[in-house]
Amino acid sequence: MSRSMFGYLALLVLGLFAPFLFYPVLVMKVLCFALFACAFNLLLGYTGLLSFGHAAFFGTAAYAAGHAIKVWGLPTELGLLTGVLASTLLGWAFGSLAIRRLGIYFAMVTLALAQMMYFLFLQAPFTGGEDGLQGVPRGTLLGFIDLANDLNLYYFVLAIFVAAFWLIYRTIHSPFGQVLKAIRENEARAISLGYDVAKYKLLAFVLSAALAGLAGATKMLVFKFATLTDARWHQSGEVVLMTILGGMGTVLGPVVGSTVIVVLQNELADKVGSLVTVIMGSIFVVCVLLFRRGIVGEIAALYKRMLGLKT
């Protein structure tokens, strides 16, 4: 067994026992944002596309899933699927427009489109406006597992995260993922090799949007509501911070980064109030200046240097 697989299994074991060691709802929140950051990392870390609009997919899926479960009365599984489908379609629409531009122009297009969705959610009657969509029932899994129980819900959320993480891992290490890396490193060369770069970027964008939507719908289920916070541009900024802090272009980086940010926010919210934003910004600046490869990236680089010294 390789060291990486042993590490993943160790993390899985930790995940199985986590609700007995920590507050389950907090761990579920960490898993939701870890999935969100992993989805974003697929686009930024492996395709080289910086999106400032991923909160649109996160929020869209949350609202769509919540509405489907609360108003339409769909089972929990179909409600989550509705949210993912909504974010996937939105990702295809946004991606078709955004990939026509490069660099900062791509980022600004995604931000503009996301802000459009934010104001749509603010005015739309089904979202509850500033009050949000509240009181969404968790329902049951497979018709008999009560998800109102935090422990039952935790293992459902963990299963979603593990399945999505496996999908991202397989995507990264597939021929498709290798093409995405080639586009990130040198798009002109990828074009010269005969790859339809626009098609690959659109597929990566849609997949990232779908997984971000899955994270948003799952978070809605955990907290039983969806609010405008899920779709604000601040949410897009936070996922950028999580990815860069953990280490973009690494498999575990977004998981580590999201864990650090969510735990810090949870611990500092009652102590420093609105200064949490200042602290998060300071962490981002320090990370960019001193740890440009992120936490996981720096650890991996140190490990490789140590191996080099030994050999």
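Notes on the structure in this doc start here.

**Brief notes about the packing of helix 10 (residues 233–246) against helix 12 (residues 275–290)**
Turning to step 1, where the next piece is worked out: Their axes nearest at 10 Å, the elements helix 10 and helix 12 cross at an angle of 40°. Taken together, the axes of helix 10 and helix 12 lie oblique to each other. Between helix 10 and helix 12 lies a crossing of left-handed hand. Facing helix 10, whose interface residues are Leu241, Ile244 and Leu245, helix 12 presents Met280, Ile283, Phe284 and Cys287.
Turning to step 2, where the next piece is worked out: Split by residue class, the contact of helix 10 with helix 12 holds seven nonpolar, no polar and no charged.

**Here we look at a nonpolar patch on the surface**
Turning to step 1, where the next piece is worked out: Side chains of Leu9, Leu11, Leu12, Val13, Leu14, Leu16, Phe17, Phe20, Leu21, Phe22, Leu151 and Val162 sit close together on the surface and give an oily, nonpolar patch of about 1,100 Å² of accessible area.
Turning to step 2, where the next piece is worked out: Looking at the nonpolar patch, the elements that each hand over two or more residues are helix 1 (3–21) and helix 6 (150–172).
Turning to step 3, where the next piece is worked out: The element best represented in the nonpolar patch is helix 1, accounting for nine residues.
Turning to step 4, where the next piece is worked out: Along the chain, Phe20 falls in helix 1.
Turning to step 5, where the next piece is worked out: Given a relative accessible area of 57%, Phe20 falls into the exposed group.

**Describing the packing of aromatic side chains**
Turning to step 1, where the next piece is worked out: Under the counting rule described, the total for this entry stands at 14 aromatic pairs.
Turning to step 2, where the next piece is worked out: Pairing Phe176 with Tyr200 gives two aromatic rings, centres 5.6 Å apart and planes at 25°, and the pair type is stacked. Here Tyr200 lies in helix 9 (residues 197–223) and Phe176 lies in helix 7 (residues 175–185), a separation of 24 residues in the sequence.
Turning to step 3, where the next piece is worked out: Linked through ring pairs, Tyr8, Phe161, Phe165 and Tyr169 together constitute an aromatic cluster.

**Points about the environment of Phe36**
Turning to step 1, where the next piece is worked out: Turning to its location among the elements, Phe36 is positioned in helix 2 (residues 24–47).
Turning to step 2, where the next piece is worked out: Judged by its relative accessible area of 0%, Phe36 falls in the buried class.
Turning to step 3, where the next piece is worked out: Residues contacting Phe36, with those up to four places away along its chain left out, are His54, Ala55, Phe58, Ala212, Ala215, Gln235 and Val239.

**Topic: helix 12**
Turning to step 1, where the next piece is worked out: Over its 16 residues, helix 12 runs 22 Å from end to end, which matches the ideal 22 Å to within 8%, given 1.5 Å per residue.
Turning to step 2, where the next piece is worked out: Inspection of helix 12 places Val276, Met280 and Cys287 among the buried residues, and these make up the whole buried set. Viewed along the axis of helix 12, the buried residues span an arc of 40°, placing them on a single side of the element. In helix 12, the exposed residues that point more than 90 degrees away from the buried face are Val278, Leu289 and Leu290.

**Looking at the state of the cysteines**
Turning to step 1, where the next piece is worked out: Using the criterion set out here, one finds zero disulfides in the structure.
Turning to step 2, where the next piece is worked out: Distance from the sulfur of Cys32, which forms no disulfide, to the nearest cysteine sulfur (Cys38) is 12 Å.
Turning to step 3, where the next piece is worked out: For Cys32, a relative accessible area of 2% gives the class buried.
Turning to step 4, where the next piece is worked out: Given the relative accessible area of 4%, Cys38 is considered buried.

Criteria and cut-off values
- Residues numbered from 1 in each chain as written.
- Predicted model: local features only at pLDDT ≥ 70, side-chain atom pairs only at ≥ 80, totals over all residues.
- Heavy atoms only, no water.
- Axes fitted to C-alpha atoms, helices over the stretch in contact; angles between N-to-C directions.
- Helix = DSSP H or I, 4+ residues; strand = E, 2+ residues; numbered from the N terminus.
- Parallel < 35°, antiparallel > 145°, perpendicular 65-115°, else oblique.
- Left-handed = near helix turned anticlockwise from the far one by under 90°.
- Contact = heavy atoms within 4.5 Å.
- Nonpolar A, V, L, I, M, F, W, Y, C, P; charged D, E, K, R; others polar.
- Patch = residues over 30% accessible without salt bridge, like charges linked within 9 Å, V, L, I, M, F, W, Y side chains within 5 Å.
- Areas by Shrake-Rupley, 256 points an atom, 1.4 Å probe, with all protein chains shown as cover.
- Salt bridge = Lys/Arg side-chain N within 4 Å of Asp/Glu carboxyl O.
- Buried < 20%, exposed > 50% of the residue type's maximum accessible area, 1.4 Å probe, protein only.
- Phe/Tyr/Trp six-rings, centres within 6.5 Å; stacked < 30°, edge-to-face > 60°.
- Expected span 1.5 Å × (residues − 1).
- Arc of directions from axis to C-beta.
- Disulfide = S-S within 2.5 Å.

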